[in-house]
Amino acid sequence: MSLHSFNLSKPFPPCPASSNQALPFAIDEMDFAVWLTALTNADDMTKCQKILQVLQTLNNSYPPERSLIPGRTRLFFLEKLGTALTTATTMLTVFPNIADTSSDSTAANDMARSEISTWSILELANAYSLLSQEDWFKKDDYYSTQEKTLILSNGIQAMGRGLLYIYQTYTKPYVYFWHKCFQFYRLAQLYRLTDGDFNPNALIIDNAFKRVLVFSLSNTNQFSPSEMRTIYELLGHYAGYTSLLKSVPKKKFKGIPSIHLKGNGPPVVSGDDDNLNPDRLYIATVTVASKILEATNDRRTHYVPTDRLMLLRLAKTLMLSEQRKDPRESAQSDCLGIMGFDNIIEFLLHKKTEKPNITIPAGSYDPSRPGELRDLDFEISNTGSKAVDANEKTTPIKAAPVAFQVVEFTGSSDIWRSGQQSNKEFNMRVVDKSAKGFGLLWTDTLVKPKVGSIVGILNKTMTVGMIRWLAQSKETGMFMGVELLGRTATTVKITNPGYPDDEVSAIYLAGDDVTKQSESLIFINKGFQPSEFVFLNKNHKSIRYRLTKQLHITSFINHVEVIRSH
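Everything numeric here is computed off the predicted structure, so don't read it as measured data.

K.L.:
Quick question: what am I supposed to make of the overall build of the chain here?
P.N.:
Of the regular secondary structure elements, the chain holds 14 helices and 18 strands. A buried classification covers 45% of the 566 residues belonging to the chain. Taking all contacts inside the chain whose residues are at least 6 apart in sequence as the whole, residues at least 24 apart take part in 66%. Element-wise, carbon and sulfur atoms account for 53% of the exposed surface of the chain, whose accessible area totals about 29,800 Å².

Next up, the structure:
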């Protein structure tokens, strides 16, 4: 998570207080195994809830310092519970990239799944933390070095998985998350468990800790929840290439992130000269980025284009060389936005039908637009309340032009406000802006923004941008970092020269000399490739264009630069 989005994000909701229910099994490994086997028939949500209750009871009613449960028996419980939790929470936190709209019930259900997954897996981490601080752990003759390694590495891995589930909701960890994570590593150092000469399995702890740090440095807000999961799994293979340094050259102080093992904050880039602090660790991720780039360019991996672009963004982030090309400027204005490709197309089509047909003379009836009121130019007979004689001559009365006006509605609710003062409804606020982007606060709870999707910003014309990162607002709504794709959006139909009858809807963006953006098209179809020709059908005309360069491709859209072919 970047520092900017971290400051904007709200903390993940805390776990409700424990009810301290009685354990559903005796303090016996056999009885515990019977209970856990019976739990396999429950759905994942119920399974996590029941395991959470058990963990809370173990941590609160049977704390290790009371010695009511032998250390190795408790470790046996935690290992089995951890295996069941990992499987269940993995299934609950699968959020595929689908349509942009969702109902309140769907959003609430997604959040409920994230909450129970996070609370239960972090309660497991808490159980391992308590186990690592008991007297049995401090003794040399109770736990073996391998068992101590298992306790600390499992605790760090649970913290890492909890961080994944938190980041998937575009929030940040609760208070003391990082303190507890660092505590595991400090204990490993204290008992020489990170020393390869003393502990043959030292890399297990080291790699688990590095994985959490690198994942935190991956600026996860720029990825979708499913991409975050892919990255987290990928770092299980590559995070080990990270170097944890106690000192760095002075010239690099401002470019390398670091942590303080007795602190409580995420890895950040700090300019403080803290080379002499033994608890300060600098995190060098350049080698990790290089390995990811190698895998991206390896043709044997057969990555799809969207995955390849995801990995390139990840590698660029871990190179720690990202800088804003255009400075942000503060802005405060409310506006109306349309979320998602299909909704933008539908809106633009609706606006197109509202435009007057210049081929129809004033006063004529246009059958394609029934019920429309507009400036009319014809005569109306004054019949009064009496019957009209067909042979009777009447004096024509000219209708006052002000009696008939063009009435344009943007939504059904505007009909009832047509006689009132204009009062448009807004669903987002511009927080800041730059030459090629916006910082927006989205407040519509019925529509869920997604990274990689597009949003239309309404003014006199429609501006279209792509969502680059998200962060849950501390108050209400979702912060969005939006990259400008183009202004003056219109809807068109495009066809392949070989299949003239197969039309595809697209959004046409005119070129802009100010932002140095060329003409471009946005469509869903991923089949169109640069260098091929298409026909753009607009205003009953078919114009030949060439696709020159692919600008963006995500799970939701394909954005291609075009040039008119003569």
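K.L.:
Looking at this structure, I do not really get the pairing of strand β4 (residues 280–284). What am I missing?
P.N.:
Of all the five residues making up β4, four are buried; the element is thus mostly covered by neighbouring parts of the structure. In terms of strand pairing, strand β2 (residues 257–260) meets β4 through three bridges, oriented antiparallel. By the bridge assignment for β4, Ile259 is matched with Leu281.

K.L.:
Quick question: what am I supposed to make of helix α3 (residues 44–61) here?
P.N.:
Owing to its 3.6 residues per turn, the α-helix brings residues three or four apart onto one side. Over its 18 residues, α3 runs 25 Å from end to end, which matches the ideal 26 Å to within 8%, given 1.5 Å per residue. The opening residue of α3 is Asp43, an N-cap whose side-chain oxygen sits 3.1 Å from the backbone nitrogen of Met45.

K.L.:
Where do I start with unusual backbone geometry in this structure?
P.N.:
Where the residue is not glycine, phi is negative for most of them; where a peptide bond is considered, it is trans in most cases. Here the phi dihedral of Ser67 falls at roughly 55 degrees; this positive angle occurs in a residue that is not glycine. Residue placement: Ser67 occurs in the loop between α3 and α4 (71–92). Classification of Ser67 as partly exposed rests on a relative accessible area of 45%. Its identity is not glycine, yet Tyr176 carries a phi of approximately 75 degrees, on the positive side. Positionally, Tyr176 belongs in the loop between α7 (145–167) and α8 (177–190). Here Tyr176 falls in the exposed class, since its relative accessible area comes to 56%.

K.L.:
What is the right way to look at the sheet that holds β4 in this model?
P.N.:
Pairing between sheet strands relies on hydrogen bonds along the backbone, with the strands arranged either parallel or antiparallel. Here four strands make up an open sheet; going across it, the order is β1-β4-β2-β3 and the pairing antiparallel. Every interior strand has two partners, whereas the edge strands, β1 (243–245) and β3 (268–269), have only one. Pairing of β1 with β4, which is carried by three bridges, proceeds in the antiparallel orientation. Along β4, the bridge assignment pairs Leu245 with Tyr282.

K.L.:
Whenever I open this one, helix α9 (residues 202–216) confuses me. Can you help?
P.N.:
With 15 residues, α9 ought to run about 21 Å at 1.5 Å a step, and its terminal C-alpha atoms sit 22 Å apart, in line with that. The element α9 is largely enclosed, with a buried count of 12 among its 15 residues.

K.L.:
I'm lost on the pattern of salt bridges in this one. Help?
P.N.:
For side chains bearing opposite charge, pairing can occur when the charged atoms are close. Summed over the entire model, instances satisfying the criterion amount to 12 salt bridges. In this structure, the salt-bridge partner of Glu147 is Arg72, at a minimum N-O distance of 3.1 Å. Taken together, the positions of Glu147 in helix α7 and Arg72 in helix α4 put the pair 75 residues apart, joining distant regions of the chain. Through salt bridges with shared partners, one network takes in Asp110, Arg113 and Lys448.

K.L.:
What exactly am I supposed to notice about the packing of α4 against α7 here?
P.N.:
When two helices pack together, their arrangement is given by the angle between the helix axes and by the axis-to-axis distance. Where α4 contacts α7, the axes come no closer than 12 Å and their chain directions differ by 25 degrees. The orientation of α4 relative to α7 falls into the category roughly parallel. Every pair of crossing elements has a handedness; the one defined by α4 and α7 is left-handed. Where α4 abuts α7, its residues Arg72, Leu75, Glu79, Thr86, Thr89 and Thr90 lie against Glu147, Leu150, Ile151, Asn154, Arg161 and Tyr165. Class assignment for the residues of the contact of α4 with α7 results in four nonpolar, four polar and four charged.

K.L.:
I tried to follow the nonpolar core on my own but got confused; where do I start?
P.N.:
A general feature of soluble globular proteins is that nonpolar side chains tend to end up buried together. Among the nonpolar cores identified, the biggest contains 103 residues, and Trp35, Leu81, Trp178, Phe209, Phe215, Ile292 and Met480 are the most heavily contacted of them. Here this core gets 10 residues from one element, more than from any other, and that element is α7. Residue contacts for Trp178: discarding those within four places in its chain leaves Leu163, Tyr167, Pro173, Val212, Leu213, Ser216, Asn264, Gly265, Pro266 and Pro267. Within the second largest apolar cluster, 18 residues are counted, among which are Ile345, Leu485, Ile507 and Ile522.

K.L.:
Is there a simple way to explain the environment of Ile116 in this structure?
P.N.:
On the secondary structure map, Ile116 appears in helix α5 (residues 104–132). Using a relative accessible area of 7% as the deciding quantity, one classes Ile116 as buried. Each C-alpha atom of the pair Ile116 and Thr46 lies 9.5 Å from the other, and the pair is 70 residues apart in sequence. Dropping the residues within four chain positions of it, Ile116 is found in contact with Met45, Cys48, Gln49, Leu52 and Leu92.

K.L.:
Before we go on, may I ask you to explain the packing of aromatic side chains in this structure?
P.N.:
Each pair of aromatic rings is reported with the distance of its centres and the angle of its planes. In this structure the tally under the stated criterion is 18 aromatic pairs. Centroid distance Phe182 to Phe209: 6.2 Å. Interplanar angle 75 degrees. Geometry classified as edge-to-face. Residue Phe182 is found in helix α8, and its partner Phe209 is found in helix α9; the two are separated by 27 residues along the sequence. For the pair formed by Phe182 and Phe209, the shared burial category is buried. A network of ring pairs unites the aromatic residues Tyr174, Phe177, Trp178, Phe182, Tyr185 and Phe209 as a single cluster. Seen from the ring of Phe137, Lys148 lies directly overhead, with NZ or CZ sitting 5.4 Å from the centre. When the ring centre of Tyr191 is taken as origin, the NZ or CZ atom of Lys148, which lies over that ring, is 5.1 Å away.

Criteria and thresholds
- Residues numbered from 1 in each chain as written.
- Predicted model: local features only at pLDDT ≥ 70, side-chain atom pairs only at ≥ 80, totals over all residues.
- Heavy atoms only, no water.
- Helix = DSSP H or I, 4+ residues; strand = E, 2+ residues; numbered from the N terminus.
- Buried < 20%, exposed > 50% of the residue type's maximum accessible area, 1.4 Å probe, protein only.
- Contact = heavy atoms within 4.5 Å.
- Areas by Shrake-Rupley, 256 points an atom, 1.4 Å probe, with all protein chains shown as cover.
- Pairing = 2+ DSSP bridges.
- Expected span 1.5 Å × (residues − 1).
- Polar contact = N/O pair within 3.5 Å; in protein donor to acceptor, adjacent residues only side chain to side chain.
- Salt bridge = Lys/Arg side-chain N within 4 Å of Asp/Glu carboxyl O.
- Axes fitted to C-alpha atoms, helices over the stretch in contact; angles between N-to-C directions.
- Parallel < 35°, antiparallel > 145°, perpendicular 65-115°, else oblique.
- Left-handed = near helix turned anticlockwise from the far one by under 90°.
- Nonpolar A, V, L, I, M, F, W, Y, C, P; charged D, E, K, R; others polar.
- Core = buried A, V, L, I, M, F, W, Y, C linked by side-chain atoms within 4.5 Å.
- Phe/Tyr/Trp six-rings, centres within 6.5 Å; stacked < 30°, edge-to-face > 60°.
- Lys NZ or Arg CZ within 6 Å of the ring centre and 35° of its normal.

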